[in-house]
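Descriptive analysis of the structure
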Amino acid sequence: MKRFTLAVELIDDVLFARSSATTGARESLDHIPGSALLGAAASALYAQFDAATAWQVFHSGDVRFGAAAPI
């Protein structure tokens, strides 16, 4: 298994909630969930890949995006 470490610098303040529910009390997270990193990567790279590569990277589970912890 290959592992890559990235340094991410946020330009604006962000808030990630434990639940994606739109009503009720919200509990914020102290990290960036891997799903948010997957979404950011997909929005920047999806169109650059052919269909087979995009599926393998973003849908197959072969590439996993872990949570990011603040430093």
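Quick summary incoming for the structure in this document. Remember, it's a predicted structure, so these values are computed and weren't measured experimentally.

**Digging into the overall build of the chain**
- Each helix and strand in the chain was counted, giving two helices and zero strands.
- Since a compact globule built from 71 residues should have a radius of gyration of about 11 Å, the 14 Å found for the chain marks it as more spread out than a globular shape.
- With respect to the three principal axes, the spread of C-alpha positions in the chain is 40 × 30 × 25 Å.
- Considering only contacts in the chain between residues 6 or more positions apart, those separated by 24 or more positions represent 33%.
- Entry remark: accessible area of the chain is about 6,400 Å², with carbon and sulfur atoms responsible for 56%.
- Placing the 5 positive and 7 negative side-chain charges of the chain at their respective mean positions leaves the two points 10 Å apart.

**Some words on a nonpolar patch on the surface**
- Residues Leu 6, Val 8, Leu 10 and Val 14 make up a contiguous nonpolar surface patch of about 400 Å² in total accessible area.
- Assignment of secondary structure puts Val 8 in the segment before α1 (34-45).

**Looking at the packing of aromatic side chains**
- The final tally for this structure, using the stated rule, is two aromatic pairs.
- Where Phe 49 meets Phe 58, the ring centres are 6.0 Å apart and the plane angle is 35 degrees; that geometry is what we call tilted.
- The partly exposed category is assigned to Phe 49, whose relative accessible area is 30%.
- For Phe 58, a relative accessible area of 9% puts it in the buried group.
- In this structure an aromatic cluster arises from ring pairing among Tyr 46, Phe 49 and Phe 58.

**Structural notes on the environment of His 59**
- Note on placement: His 59 falls in the segment after α2 (51-58).
- For the pair His 59 and Glu 9, spaced 50 residues apart in the sequence, the C-alpha separation amounts to 26 Å.
- The contacts of His 59, once residues within four sequence positions are left out, are Tyr 46 and Ala 54.
- Engagement of the side chain of His 59 in a polar contact is seen with the side chain of Tyr 46, the distance being 2.9 Å.

**A look at the pattern of salt bridges**
- The full count for this structure, using the stated rule, is one salt bridge.
- Between Arg 18 and Glu 27 there is a salt bridge, and its shortest N-O distance comes to 3.3 Å.

Quick notes on the rules
- Residues numbered from 1 in each chain as written.
- Predicted model: local features only at pLDDT ≥ 70, side-chain atom pairs only at ≥ 80, totals over all residues.
- Heavy atoms only, no water.
- Helix = DSSP H or I, 4+ residues; strand = E, 2+ residues; numbered from the N terminus.
- Rg over C-alpha atoms; globule rule 2.2 N^0.38 Å.
- Contact = heavy atoms within 4.5 Å.
- Areas by Shrake-Rupley, 256 points an atom, 1.4 Å probe, with all protein chains shown as cover.
- Lys, Arg positive; Asp, Glu negative; His and termini not counted.
- Charge placed at Lys NZ, Arg CZ, Asp CG, Glu CD.
- Patch = residues over 30% accessible without salt bridge, like charges linked within 9 Å, V, L, I, M, F, W, Y side chains within 5 Å.
- Salt bridge = Lys/Arg side-chain N within 4 Å of Asp/Glu carboxyl O.
- Phe/Tyr/Trp six-rings, centres within 6.5 Å; stacked < 30°, edge-to-face > 60°.
- Buried < 20%, exposed > 50% of the residue type's maximum accessible area, 1.4 Å probe, protein only.
- Polar contact = N/O pair within 3.5 Å; in protein donor to acceptor, adjacent residues only side chain to side chain.

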